[in-house]
Amino acid sequence: MPDALSERPTEVTPTETALTEALLPDRLARAITLAGPISIARYMATANAQYYATRDPLGVGGDFTTSPEISQMFGELAGLWCADLWNRAGRSDVAWVELGPGRGTLAADALRAMGKAGLTPPVHFVETSPTMRKAQAERVPGAAWHDNVATLPTDLPLIVVANEFFDALPIRQLVRTIGGWHERLVACQDILFLPIAGQMVPDSVVPDSLRDAAPGSIVETSPASVGVVRELAQRIVGQGGAMLAIDYGYEGPAVGDTLQAMRAHKFANPFEAPGEQDLTAHVDFATLLAAAITSGARGFGPTDQGAFLTRLGIMPRAGALTQATPDRAAAITADRDRLVETMGTLFKAIAITAPGWPDPEGFA
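Residues numbered from 1 in each chain as written. Predicted model: local features only at pLDDT ≥ 70, side-chain atom pairs only at ≥ 80, totals over all residues. Heavy atoms only, no water.

Enquirer: What's the story with the overall build of the protein in this structure? I'm lost.
Expert: Scanning the protein for helices and strands turns up 11 helices and 16 strands. Over its C-alpha atoms the protein spans a radius of gyration of 21 Å, differing by no more than 12% from the 21 Å that the globule rule assigns to 364 residues. Overall size of the protein, expressed as C-alpha extent along the three principal axes, is 60 × 50 × 40 Å. Pairs at least 24 residues apart make up 78% of the contacts formed inside the protein by residues separated by at least 6 positions. Positive and negative charge centroids in the protein, built from 28 and 41 side chains respectively, lie 2 Å apart. (Helix = DSSP H or I, 4+ residues; strand = E, 2+ residues; numbered from the N terminus. Rg over C-alpha atoms; globule rule 2.2 N^0.38 Å. Contact = heavy atoms within 4.5 Å. Lys, Arg positive; Asp, Glu negative; His and termini not counted. Charge placed at Lys NZ, Arg CZ, Asp CG, Glu CD.)

Now the structure itself:
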């Protein structure tokens, strides 16, 4: 999903969009030639800003599909998670926030489920893409948009949902050589982009448990993700509320190169065609939780998406949908299994809440 910290792209005409897409690799190549290699984080941020500003990447005709697009069950259960927490917290007025809301599909399904439970909050989207804002407006009329989390309401508790948002925020990579740890940079030959080892960095920037990793090992961090979580945690602690984040990732710290590109539902070389494919990296949930906890929030998880959805009731919900539409029984079962089994362990969920708020459901 788009980087909530980046500047909102300027809206352009289709002709201008095509020209801009064609020129992005050239612009990056010229910048690197003139000023030298750039960080992985800058490369990723620049490419994704272009990518999300100029297209709807979801669905069969796009590059990837998210859980809310697979089945309405995902958004409904997320909405019921929010409504249950709101109800047990005292049913006060709250603002509902989604980070990187895609087409607005999760929000529409969640709001429908929340409404049946009595929760009808104002809706706020953190979204920078004009293309996606248009799609979201069609599904959730009356939503308010924000370029970043700084302008979210300050007078209400915030209930925040972030599905496949943090994976697209820029990462920094460090690579171990025989001589020590180096920042990993992106260099360019003509318009061929490739990663290289840059300047050496102090060992202190690498977690203690990973400093003696074998040469060739890569460690990733996401200062942008940590910054978003810290800011939201501070707001939640001060105003009340909670955040649910679901994404693919791991419980770090760990070594590994997880930078990847998706194009036409297939993996691609992340250093080819910047701005034309989705760049993501696996999320370090332990680091995000630590950032929230040090900001004064309470943390829960990570737990596997499959276990989380099962605890929230995806099995009986699938049964009810099958009973209501028996001709779709096979499709509903396939969608449920995809969410719970195929994606069930790679994708994980975490939650943070304000002190004094009840424990959220779904976390053992």
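Let's pick the thread back up.
Enquirer: Honestly, the packing of helix 4 (residues 72-88) against helix 9 (residues 305-312) in this entry has me stumped. Any pointers?
Expert: Each packed pair of helices is defined by two parameters, the angle between the axes and the distance between the axes. Contact geometry for helix 4 and helix 9: axes closest at 10 Å, N-to-C directions at 65 degrees. In terms of their interaxial angle, helix 4 and helix 9 are classed as roughly perpendicular. Our pair here, helix 4 against helix 9, has a crossing hand that is left-handed. Within the contact between the two elements, helix 4 uses F74, L77 and W81 and helix 9 uses Q305, F308, L309 and L312. Classifying every residue of the contact of helix 4 with helix 9 by side-chain character gives 6 nonpolar, 1 polar and no charged. (Axes fitted to C-alpha atoms, helices over the stretch in contact; angles between N-to-C directions. Parallel < 35°, antiparallel > 145°, perpendicular 65-115°, else oblique. Left-handed = near helix turned anticlockwise from the far one by under 90°. Nonpolar A, V, L, I, M, F, W, Y, C, P; charged D, E, K, R; others polar.)

Enquirer: Would you mind showing me how to read the side chain of S217 here?
Expert: Mapping S217 onto the fold places it in the loop between strand 8 (192-200) and strand 9 (218-221). Of note is the side chain of S217, whose polar atom sits 2.7 Å from the backbone oxygen of A214. Setting aside residues up to four positions removed in sequence, S217 forms contacts with L174, V175, R176, W181 and V255. (Polar contact = N/O pair within 3.5 Å; in protein donor to acceptor, adjacent residues only side chain to side chain.)

Enquirer: Just checking my understanding: could you explain the nonpolar core for this structure?
Expert: Burial of nonpolar side chains together is a common tendency in soluble globular proteins. W81, W96, L99, F166 and M243 are the most contacted members of the largest nonpolar core, which has 73 residues in total. A total of 8 residues in this core trace back to one element, the largest contributor, which is helix 4. Those residues in contact with W81 that lie beyond four places of it in its chain are A242, M243, L244, F308, L312, A351, P360, E361 and F363. Residues L28, I32, F193 and L259 belong to the second largest nonpolar core, which totals 18 residues. (Core = buried A, V, L, I, M, F, W, Y, C linked by side-chain atoms within 4.5 Å. Buried < 20%, exposed > 50% of the residue type's maximum accessible area, 1.4 Å probe, protein only.)

Enquirer: Even after reading the chapter, I still don't get the pattern of salt bridges, so can you show me in this structure?
Expert: When their charged atoms lie close together, side chains carrying opposite charge are able to pair. For the structure on display, the rule yields 15 salt bridges. Here R317 ties to E76 by a salt bridge, and the two come within 2.8 Å at their closest N and O atoms. One end of the pair, R317, is in helix 10 (residues 314-324); the other, E76, is in helix 4, and 241 residues separate them in sequence. What makes R317 partly exposed here is its relative accessible area of 28%. Ionic contacts of the salt-bridge type, sharing partners, join the residues E76, D109, R112 and R317 into one network. (Salt bridge = Lys/Arg side-chain N within 4 Å of Asp/Glu carboxyl O.)

Enquirer: How do you make sense of the environment of P270 when you look at a structure like this?
Expert: Of note, P270 is situated in the loop between strand 12 (266-268) and strand 13 (278-280). Taking the C-alpha atoms as reference points, P270 and G75, separated by 195 residues in sequence, lie 30 Å from one another. Look past the residues within four positions of P270 in its chain and what remains in contact with it is Y43, L259, Q260, A261, Q277 and L279.

Enquirer: Looking at this model, I keep getting lost on helix 7 (residues 223-239). Mind explaining?
Expert: In a regular helix each residue adds 1.5 Å, so 17 residues correspond to 24 Å; helix 7 covers 24 Å between its end C-alpha atoms and thus fits that length. By the burial criterion, the buried members of helix 7 are A224, S225, V226, V228, V229, L232, A233, R235, I236 and Q239. Buried residues belonging to helix 7 abut strand 2 (95-99), strand 5 (158-163), strand 10 (241-250), helix 8 (285-294) and strand 16 (347-353). Positive backbone phi, at 95 degrees, marks G240, one or two positions downstream of helix 7. (Expected span 1.5 Å × (residues − 1).)

Enquirer: Explain the environment of E272 to me, please; I cannot follow it from the model alone.
Expert: For E272, the position within the fold is in the loop between strand 12 and strand 13. Separated by 80 residues in the primary sequence, E272 and L192 have C-alpha atoms spaced 7.3 Å apart. Apart from residues lying up to four places away in sequence, E272 is in contact with Y43 and Q277.

Enquirer: Please clarify how the sheet that holds strand 13 should be interpreted in this entry.
Expert: Sheet strands line up and pair through hydrogen bonds in the backbone, either parallel or antiparallel. Ordered by their spatial adjacency, 3 strands build an open sheet running 12-11-13, and the pairing between neighbours is antiparallel. In this open sheet, the two edge strands, each paired with only one partner strand, are strand 12 and strand 13. Neighbour to neighbour, the strand axes of the sheet diverge by 40 degrees on average, direction disregarded. (Pairing = 2+ DSSP bridges.)

Enquirer: I would appreciate a short explanation of the packing of helix 4 against helix 10 in the present structure.
Expert: Between helix 4 and helix 10, the least distance of the axes is 11 Å, while the angle of their chain directions is 130 degrees. Considering the angle they form, helix 4 stands oblique to helix 10. Helix 4 and helix 10 meet at a crossing whose hand is right-handed. Within the contact between the two elements, helix 4 uses Q72, M73, E76 and L77 and helix 10 uses I314, R317, A318 and L321. Broken down by class, the residue content of the contact of helix 4 with helix 10 amounts to 5 nonpolar, 1 polar and 2 charged.

Enquirer: Got a minute to help me understand the packing of aromatic side chains in this structure?
Expert: A ring pair, where both rings are aromatic, is described by two values, the distance of the centres and the angle of the planes. Evaluated as defined, the whole model comprises 8 aromatic pairs. With centroids separated by 5.4 Å and ring planes inclined at 75 degrees, the aromatic side chains of Y248 and F347 adopt a geometry described as edge-to-face. Placement of the pair is Y248 in strand 10 and F347 in strand 16, with a sequence separation of 99 residues. Pair check on accessibility: Y248 and F347 agree, each one buried. Measuring from centroid to centroid gives 5.3 Å for F308 and F363, while their planes differ by 50 degrees, and the two rings are tilted. One end of the pair, F308, is in helix 9; the other, F363, is in the segment after strand 16, and 55 residues separate them in sequence. (Phe/Tyr/Trp six-rings, centres within 6.5 Å; stacked < 30°, edge-to-face > 60°.)

None of this, on its own, says anything about what the molecule does.
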